Amino acid sequence: MKIAIYHNDLTKSQAIVNHLKQAIAERGLILDNQNPDVVISVGGDGTLLGAFHHYIDLPQEVRFVGLHTGHLGFYTDWLGSEVPELVDSLVHDSGQKVAYPILQMQTQHQDGSIQTYLALNEATVKQPVGTLVADICLGSQTFELFRGDGVAVSTPTGSTAYNKANGGAVLHPDLAAIQMSEIASINNRVFRTLGSPLIVPRGQTIRVKPRSDRFLITCDQLEIVAKNVVSVEFQVADKQVYFASYRHLDFWKRVQNAFIRGN
């Protein structure tokens, strides 16, 4: 088995990475950061998002493992103190995995060209200054005219992040769907949107067509210059993300740990 290690630059993370590399070598596993079978992310959930974007375009299926340098995160199952246990799981790996749906975002430009992006959590279309005015289309039909700060479109696992802060629903990842939530929409007697999150299944699209060229697009933690972009389309991607399920926590247990436990 070939293993890659992706980590942040914190001193604590580097110490854990050194311990991890030593343990991997002692157990006869192979370190390969170019074409791995398993990617270990050492850091937090943001580091794992970085690992996802770094390795998701590899032609073979890659499984991710999250090792957190602090407390357990939403995507991370292991702590820095559990390196021996994690490496033992790698030694006895039998290909076990759990799959989550991810988001495909496509930007269409004035010259007709299309750029495709993938997101593990969410993508947004925002107006940093002033009000975003945009047509929201479901499939080929215009659904509403949006006015506000922007919209966020999330995956089921990302539904607990920005989407939840916008009042969106928490979706189980067994549902191959995406969800659009409004960011500070304007609703009064003159301007009106649905005001509720929109959930669409695999095979259907949400298209955002801003009426100006002064807007910002994000894809997870990446910012994308929206130069000459006329529309942004979202749908459930054909590709999925895979996590090695040595002791992968149940989704609702993750939600409970993140938002309920301790109350």
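Residues numbered from 1 in each chain as written. Predicted model: local features only at pLDDT ≥ 70, side-chain atom pairs only at ≥ 80, totals over all residues. Heavy atoms only, no water.

## Section: the overall build of the protein
- When helices and strands are counted, the protein shows five helices and 16 strands.
- Taking 2.2 N^0.38 as the reference for a compact globule, 263 residues should give roughly 18 Å; the C-alpha atoms of the protein span a radius of gyration of 20 Å, in line with that estimate.
- On the principal axes, the C-alpha backbone points of the protein span a range of 65 × 50 × 35 Å.
- Within the protein, buried positions represent 49% of all 263 residues.
- For the protein, restricting intrachain contacts to residue pairs at least 6 apart in sequence, the fraction spanning at least 24 positions comes to 72%.
- For the protein, the computed accessible surface area is about 12,500 Å², with 49% contributed by carbon and sulfur atoms.
- Averaged over its 22 positive side-chain charges, the protein has a centre that lies 6 Å from the centre of its 25 negative ones. (Helix = DSSP H or I, 4+ residues; strand = E, 2+ residues; numbered from the N terminus. Rg over C-alpha atoms; globule rule 2.2 N^0.38 Å. Buried < 20%, exposed > 50% of the residue type's maximum accessible area, 1.4 Å probe, protein only. Contact = heavy atoms within 4.5 Å. Areas by Shrake-Rupley, 256 points an atom, 1.4 Å probe, with all protein chains shown as cover. Lys, Arg positive; Asp, Glu negative; His and termini not counted. Charge placed at Lys NZ, Arg CZ, Asp CG, Glu CD.)

## Some points on the environment of His68
- Along the chain, His68 falls in strand β4 (residues 63-68).
- Contacts of His68, omitting those with residues within four sequence positions, involve Gly43, Gly44, Asp45, Gly73, Thr76, Trp78, Leu79 and Gly80.

## Thoughts on the pairing of β4
- Of all the six residues making up β4, six are buried; the element is thus mostly covered by neighbouring parts of the structure.
- Burial along β4 is two-sided: the residues Arg63, Val65 and Leu67 and Phe64, Gly66 and His68 are all buried.
- As paired strands, strand β3 (residues 38-43) and β4 are joined by six bridges and run parallel to one another. Across the sheet, the residue bridging to Val38 is Arg63, located in β4.
- Once you follow β3 into helix α2 (residues 45-55) and on to β4, the crossover reads as right-handed.
- As judged from the two bridges shared by β4 and strand β16 (residues 229-244), these two strands associate in the parallel manner. Looking across to β16, one finds that Phe64 is bridged to Phe243.
- When β4 meets strand β5 (residues 78-79), the two strands line up parallel, connected through two bridges. (Pairing = 2+ DSSP bridges. Right-handed = clockwise from strand over helix to strand, strands pointing away.)

## Regarding the environment of Glu233
- Tracing the backbone through its elements, the reader meets Glu233 in strand β16.
- Assessed through its relative accessible area of 14%, Glu233 is described here as buried.
- Distance from Glu233 to Ile136, taken between C-alpha atoms, is 9.8 Å for residues 97 residues apart in sequence.
- Sequence-distant contacts of Glu233, that is, excluding residues within four places in its chain, are made with Gln104, Met105, Gln106, Thr205, Ile206 and Arg207.
- Of note is the side chain of Glu233, whose polar atom sits 2.5 Å from the side chain of Arg207. (Polar contact = N/O pair within 3.5 Å; in protein donor to acceptor, adjacent residues only side chain to side chain.)

## Some details on the nonpolar core
- By size, the foremost hydrophobic cluster in this structure holds 26 residues, and its most contacted members are Met105, Val125, Ile178, Ile217 and Phe234.
- By residue number, the principal contributor to this core is β16, which donates four residues.
- With sequence-adjacent residues up to four places away left out, Phe234 is seen in contact with Leu103, Gln104, Met105, Ala123, Val125, Val153, Ile178, Gln204, Thr205, Ile206 and Val208.
- Counting residues in each nonpolar core, the second largest holds 20 residues, with Ile5, Val38, Val42 and Val87 among its members. (Core = buried A, V, L, I, M, F, W, Y, C linked by side-chain atoms within 4.5 Å.)

## A few points about unusual backbone geometry
- Phi at Ala184 is positive, roughly 50°, even though this residue is not glycine.
- Of note, Ala184 is situated in strand β11 (residues 177-185).
- Given the relative accessible area of 49%, Ala184 is considered partly exposed.
- The phi torsion at Asp220 lies on the positive side, around 55°, for a residue other than glycine.
- By the secondary structure assignment, Asp220 is in the loop between β14 (216-219) and β15 (222-225).

## A word on empty space enclosed by the protein
- Taken as a whole and judged by the stated rule, the model has one cavity of 30 Å³ or more.
- If you add up the space inside the largest cavity, you get close to 30 Å³.
- Along its surface, the largest cavity is lined by Phe64, Val65, Gly66, Asp77, Trp78, Phe243, Ala244, Tyr246, Arg247 and His248.
- Among the residues making up the lining of the largest cavity, the classes are represented as six nonpolar, two polar and two charged. (1 Å grid on protein atoms, 1.4 Å probe; cavity = no way out; pocket = protein on both sides within 12 Å on 5 of 7 lines; lining within 4 Å. Points joined across faces, edges and corners; volume = space filled by probe spheres on them. Nonpolar A, V, L, I, M, F, W, Y, C, P; charged D, E, K, R; others polar.)

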